[in-house]
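Chain residues, written in single-letter form:
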Amino acid sequence: MSSDSDHYETSVRERREEAVAAFDERDKGLMGRFHHALHVTPALVPLIVLIASIAVFGLLIGDRFFSPFSLTLILQQVQIVGIVAAAQSLIILTAGIDLSVGAITVFSSVIMGQFAFRYGIPPVFAVFAGLIFGLLCGLLNGFLVSRMKLPPFIVTLGTWQIILASNYLYSANETIRAQEIEAQAPLLQFMGTKFTLGGAVFTYGVIFMLLLVLVLAWVLKHTAWGRHVYAVGDDPEAAQLSGVNVRGTLLSVYGLAGLICGFAGWALIGRIGSVSPTSAYEANIESITAVVIGGISLFGGRGSILGALFGALIVGVFSLGLRLLGADAQWTYFFIGLLIIAAVAVDQWIRKVTA
Amino acid sequence: MDPILKGRNLVKRYGRVVALDHCDFDLYPGEILAVIGDNGAGKSTLIKALSGAVIPDEGEVTLEGRRVRFASPNDAREAGIETVYQTLAMSPALSIADNMFMGREVRKAGIMGKLFRQLDRTHMEQFAREKLNDLGLMTIQNITQPVETLSGGQRQGVAVARAAAFGSRVIILDEPTAALGVKESRRVLDLIKDVKARGIPIILISHNMPHVFEVADRIHVHRLGRRLCVIDPRDHSMSDAVAYMTGAKVPEGTLTPA
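Turning to chain A, the UniProt record has this under Subcellular location (unreviewed entry): "Cell membrane".

A. Seen up close, a nonpolar patch on the surface. All names here are of chain A. On the surface, a nonpolar cluster with roughly 360 Å² of combined accessible area is contributed by Phe-190, Phe-195, Leu-197 and Tyr-204. Structurally, Tyr-204 can be placed in helix H10 (residues 204–222). Here Tyr-204 falls in the partly exposed class, since its relative accessible area comes to 33%.

B. Region of interest: the packing of helix H6 (residues 101–117) of chain A against helix H8 (residues 152–171) of chain A. Residue and element names in this part refer to chain A. Put simply, H6 and H8 touch, their axes get as near as 9 Å, and they point 25° apart. Of the possible angle classes, the one that applies to H6 and H8 is roughly parallel. In the packing of H6 onto H8, the handedness of the crossing is left-handed. Contacts from Ala-103, Ile-104, Val-106, Phe-107, Val-110, Ile-111, Gln-114 and Phe-115 in H6 reach Trp-160, Ile-163, Leu-164, Ser-166, Asn-167, Tyr-170 and Ser-171 in H8. When the residues that make up the contact of H6 with H8 are grouped by side-chain class, the tally is 11 nonpolar, four polar and no charged.

C. How the structure looks around the layout of surface pockets. Empty space within the largest pocket amounts to approximately 970 Å³. Along its surface, the largest pocket is lined by 42 residues, and His-39, Val-40, Thr-41, Pro-42 and Gly-303 of chain A are the ones closest to its centre. Mapped by element, the contributors of at least two residues to the lining of the largest pocket are helix H3 (29–40), helix H4 (44–61), H10, helix H11 (224–234), helix H15 (305–324) and helix H16 (330–351) of chain A together with helix H3 (96–100) and helix H5 (121–134) of chain B. No other element matches the seven residues that H16 of chain A contributes to the lining of the largest pocket. Each residue belonging to the lining of the largest pocket can be placed in one class, and the counts come to 22 nonpolar, 11 polar and nine charged. Space inside the second largest pocket adds up to approximately 830 Å³. What lines the second largest pocket is a set of 31 residues, among which Gln-77, Val-81, Glu-282, Glu-286 and Val-315 of chain A lie closest to the centre. Contributing elements (two or more residues each) for the lining of the second largest pocket: helix H5 (68–93), helix H13 (246–272), helix H14 (283–293), H15 and H16 of chain A.

D. A look at the pairing of strand S2 (residues 17–27) of chain B. Residue and element names in this part refer to chain B. Bridge analysis of strand S1 (residues 5–14) against S2 gives seven bridges, and the strand direction is antiparallel. Paired with Leu-5 across the two strands is Leu-27, which belongs to S2. From the end of S1 to the start of S2, which pair antiparallel, there are two residues, and Gly-15 there has a positive phi angle of about 65°.

E. Representation of the state of the cysteines in the model. By the definition in use, this model includes zero disulfides over all chains. Cys-261 of chain A takes part in no disulfide bond, and the closest cysteine sulfur to it belongs to Cys-137 of chain A, at a distance of 8.9 Å. Residue Cys-23 of chain B stays outside any disulfide, its sulfur separated by 12 Å from that of Cys-229 of chain B, the closest cysteine.

F. Representation of the pairing of strand S4 (residues 58–63) of chain B within the structure. Direction of pairing for S1 of chain B relative to S4 of chain B: antiparallel, over a ladder of five bridges. For Arg-8 of chain B, the partnering residue across the bridge sits in S4 of chain B and is Glu-60 of chain B.

G. Quick peek at the sheet that holds strand S3 (residues 32–37) of chain B. Residue and element names in this part refer to chain B. As summarised here, the arrangement of the six strands in space is S6-S7-S8-S3-S9-S10, forming an open sheet in which the pairing is mixed. This sheet does not close on itself; its edge strands, each paired only once, are strand S6 (81–84) and strand S10 (226–231). Each strand axis lies, on average, 20° off the axis of its neighbour in the sheet, ignoring direction. In this sheet, S10 lies alongside strand S9 (residues 218–223) in antiparallel orientation, the contact comprising five bridges. Considered in S10, the bridge of His-222 is made with Arg-227. Across the sheet, helix H1 (residues 43–51) lies against S3, S6, strand S7 (170–174), strand S8 (202–205) and S9, angled at about 155° from S8, the strand it touches most. Contacting S3, S7 and S8, helix H7 (residues 182–197) runs over the sheet at an angle of about 160° to S8.

Calculation notes
- Residues numbered from 1 in each chain as written.
- Chains lettered and ligands numbered in written order.
- Predicted model: local features only at pLDDT ≥ 70, side-chain atom pairs only at ≥ 80, totals over all residues.
- Heavy atoms only, no water.
- UniProt positions renumbered as here; feature names shortened; annotations may be inferred.
- Patch = residues over 30% accessible without salt bridge, like charges linked within 9 Å, V, L, I, M, F, W, Y side chains within 5 Å.
- Areas by Shrake-Rupley, 256 points an atom, 1.4 Å probe, with all protein chains shown as cover.
- Salt bridge = Lys/Arg side-chain N within 4 Å of Asp/Glu carboxyl O.
- Helix = DSSP H or I, 4+ residues; strand = E, 2+ residues; numbered from the N terminus.
- Buried < 20%, exposed > 50% of the residue type's maximum accessible area, 1.4 Å probe, protein only.
- Axes fitted to C-alpha atoms, helices over the stretch in contact; angles between N-to-C directions.
- Parallel < 35°, antiparallel > 145°, perpendicular 65-115°, else oblique.
- Left-handed = near helix turned anticlockwise from the far one by under 90°.
- Contact = heavy atoms within 4.5 Å.
- Nonpolar A, V, L, I, M, F, W, Y, C, P; charged D, E, K, R; others polar.
- 1 Å grid on protein atoms, 1.4 Å probe; cavity = no way out; pocket = protein on both sides within 12 Å on 5 of 7 lines; lining within 4 Å.
- Points joined across faces, edges and corners; volume = space filled by probe spheres on them.
- Pairing = 2+ DSSP bridges.
- Disulfide = S-S within 2.5 Å.

Following this line, the structure appears as structure tokens:
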């Protein structure tokens, strides 16, 4: 070994105090700090949009909108989408998508109704059967995605059609009327039970939605399973090499999402009073809308489930606000469309790693 | 002295391609063993066979004298063999602490940990901070910042720190300096020496001859799916090593004949 090749890096070695691999923080300025805050708390953007939209509609409409009654009416109107969006969030965090959530929701509610009325099963067990059905549908999606390695979009595009068709075939397009349920199986409408606090009107379904989102937010942040959901969505190969059970995590996420859709089906009966096989069929698209507006990245691994709740509420605020303003309902879709594109643009900006 | 990690007669075939052809391997306690070889010589397969990512068709691997059969990288990790992959295997959006504990999270004591399975964030962050401090990697204590905000060298540093924190017996580093600049490579090489100074043996796979000759105690030259020879970097030049691994020259006076 000649001495030359031994010393070619001398200049680099002497300046060791530069500490190349150290974590130093530069002052990033106001914009930089804002960017960093968004990076760390992804639910901040939808929260700001939500508060701003409530403020704007409050100013435009006044007390008719800005009252406990109207604001809690929004909660009641978004409860189904909110619950389904919680399920959708879990799946989108793993970089998947679930088009079958609406179908699972409505078929679960139909099973609860038909089991109670067609077979005369006690309502408790009918509800239980509906929840189990949701879980099984979710596990089927999860099996196809995690074991068969099929793309989630294709899998759930298929199961969406299959479940929805089975739903119509099984129910024979038959609606169970609200009065019958009220008389014979009031448990089915349990989620619709109302109670008031001041002028505010709440239902158990609304409380369930809020609790569900809070619990899931806690679980995602404070348990190993939650961290694994993010890691699998971020980079499945890296997660696998780090020792995460990727297939098990995916299966559990799809299963849990299915179960949540079962609960959404129960809440659906409470919301509309009756059991109708043609309800909630748009919940898949509406839940994806809420998730996207809520700032959860469709590429997986980024975002907060609270954001999805805010996203659902933003949609609710726009539809009620525009309706009270007397605008054509199409304007709601128009603005929601704008919000979706804006949300994805903001997501791309946040993902830029300059923070 | 007996080897801490030993491979004998390892064979791995992919269809008609023989990636490992009755290959032997020895790693001694406390040393840095470099593995060099041309592309396609079977280095990666050898390393995967030792780290559980590939199950050899024939042959046996022994760790501290005991026969081991790794069915997955997790088995090898449980046995104390940590691998830093070339891709680093980190989740960019998660924090440094989350990444260090990925797959082996620590739960809180008591009911919050047992029943609600709550993670012990404080403990994990403190542990991660200590490990990074040990390797001189921390100036500012922001262990919660996402890995994607780190430079390539910093990420490599975190990956090495993760391996050093949990790798009780052997650490395998796959091309740790391949994607780094001169200064960052220097820092990582110093890290490797720091880890060695703690007594943990290291397997270093690299194409960079100056780096190999600087840190390695012995060099395993891999050629055509097997160990061609093991050389002492003090007795051979870099051009010798390159000549051996490309087949331009036949080794003589080596530590271990093929």
